[in-house]
Amino acid sequence: MEPQAFLAATLVAHVGFAIFVTAHGHLTGRDPGKWPFVTLAFGLAGIAAYFFYDESSDSSP
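Residue numbers restart at each chain and count upward from 1, following the sequence in its written direction. Residues qualify for local features only when their pLDDT is at least 70, as the model is predicted, and side-chain atom pairs are given and counted only at 80 or more; totals for whole chains, interfaces and linings, by contrast, use all residues. Heavy atoms throughout the structure, all of them, feed into the side-chain values; hydrogens and water do not.

Let's shift gears to the packing of helix α2 (residues 35-42) against helix α3 (residues 44-52). In a packed pair of helices, the relevant descriptors are the angle between the two axes and the axis-to-axis distance. Angular values range over 0 to 180 degrees, each being the angle between N-to-C directions of two axes fitted as lines to C-alpha atoms, with helices fitted over their stretch in contact. Only runs of H or I of at least four residues qualify as helices and only runs of E of at least two qualify as strands under DSSP, and these elements are numbered from the N terminus. Where α2 contacts α3, the two axes come as close as 6 Å, and the packing angle between them is 150°. By the angle between their axes, α2 is roughly antiparallel relative to α3. Contacts from Trp35, Val38, Thr39 and Phe42 of α2 reach α3 at Leu44, Ala45, Gly46, Ile47, Ala49 and Tyr50. Angles below 35 degrees are treated as roughly parallel, those above 145 as roughly antiparallel, those between 65 and 115 as roughly perpendicular, and all remaining angles as oblique. The criterion used for residue contact is that any of the two residues' heavy atoms lie within 4.5 Å.

Written as structure tokens, this is what we have:
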């Protein structure tokens, strides 16, 4: 695969993932917060963090 095609496919996938996270948050009433931006930057890792990170268990005040 050519580098330009790979970068284009990666960009399209990350934008699609970010749209998915935003739409999921809207449809479920969950505030997506920073996760669309994290997903845009990190792709599938951002989606995993959106679904599995529990902010209520954060120990900061």
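This next bit is on the UniProt feature "transmembrane region" (unreviewed entry) in the protein chain. UniProt positions are given in the numbering used here, feature names are shortened, and annotations may be inferred rather than shown by experiment. Summarizing the sequence annotation, UniProt attributes the feature "transmembrane region" (unreviewed entry) to residues 6-23 and 35-53 in the numbering used throughout. Taken end to end, residues 6-23 is 100% helix and 0% strand, and its first and last C-alpha atoms sit 26 Å apart. Between the C-alpha atoms that bound residues 35-53 the distance is 10 Å, and the span itself is 89% helix and 0% strand.

The next point concerns a nonpolar patch on the surface. On the surface, a cluster of nonpolar side chains totalling about 360 Å² of accessible area is made up of Leu11, Val15, Ile19 and Leu40. It is helix α1 (residues 3-28) that contributes the most residues to the nonpolar patch, 3 residues altogether. Note on patches: the residues involved have over 30% relative accessible area and no salt bridge, like charges join within 9 Å, and the nonpolar side chains Val, Leu, Ile, Met, Phe, Trp and Tyr join within 5 Å. In short, Shrake-Rupley with a 1.4 Å probe defines the accessible areas, and a residue's cover is counted only from the protein chains shown. By definition here, a salt bridge exists when the distance from a side-chain nitrogen of Lys or Arg to a carboxyl oxygen of Asp or Glu is within 4 Å.

Of the residues in the protein chain, 87% reach a pLDDT of 70 or more, and the chain-wide mean stands at 86. Predictor confidence is given residue by residue as pLDDT, running from a minimum of 0 to a maximum of 100. For the protein chain, per-element mean pLDDT is lowest for α3, which scores 86, and highest for α1, which scores 93.

It is worth spelling out the packing of aromatic side chains at this point. Two aromatic rings are characterised by how far apart their centres lie and by the angle between their planes. Aromatic pairs are defined between Phe, Tyr and Trp rings, using the six-membered ring for Trp, whenever the two ring centres lie within 6.5 Å; interplanar angles under 30 degrees are classed as stacked, those over 60 as edge-to-face, and all others as tilted. Inspection of the entire model under this criterion finds 3 aromatic pairs. Taken together, a centroid distance of 6.3 Å and an interplanar angle of 50° make the contact between Phe20 and Phe51 tilted. Remark: Phe51 occurs in helix α3 and Phe20 occurs in helix α1; sequence separation between them is 31 residues. Look at Tyr50 and Phe51: their rings are 4.9 Å apart centre to centre, the planes differ by 70°, and that puts the pair in the edge-to-face class.

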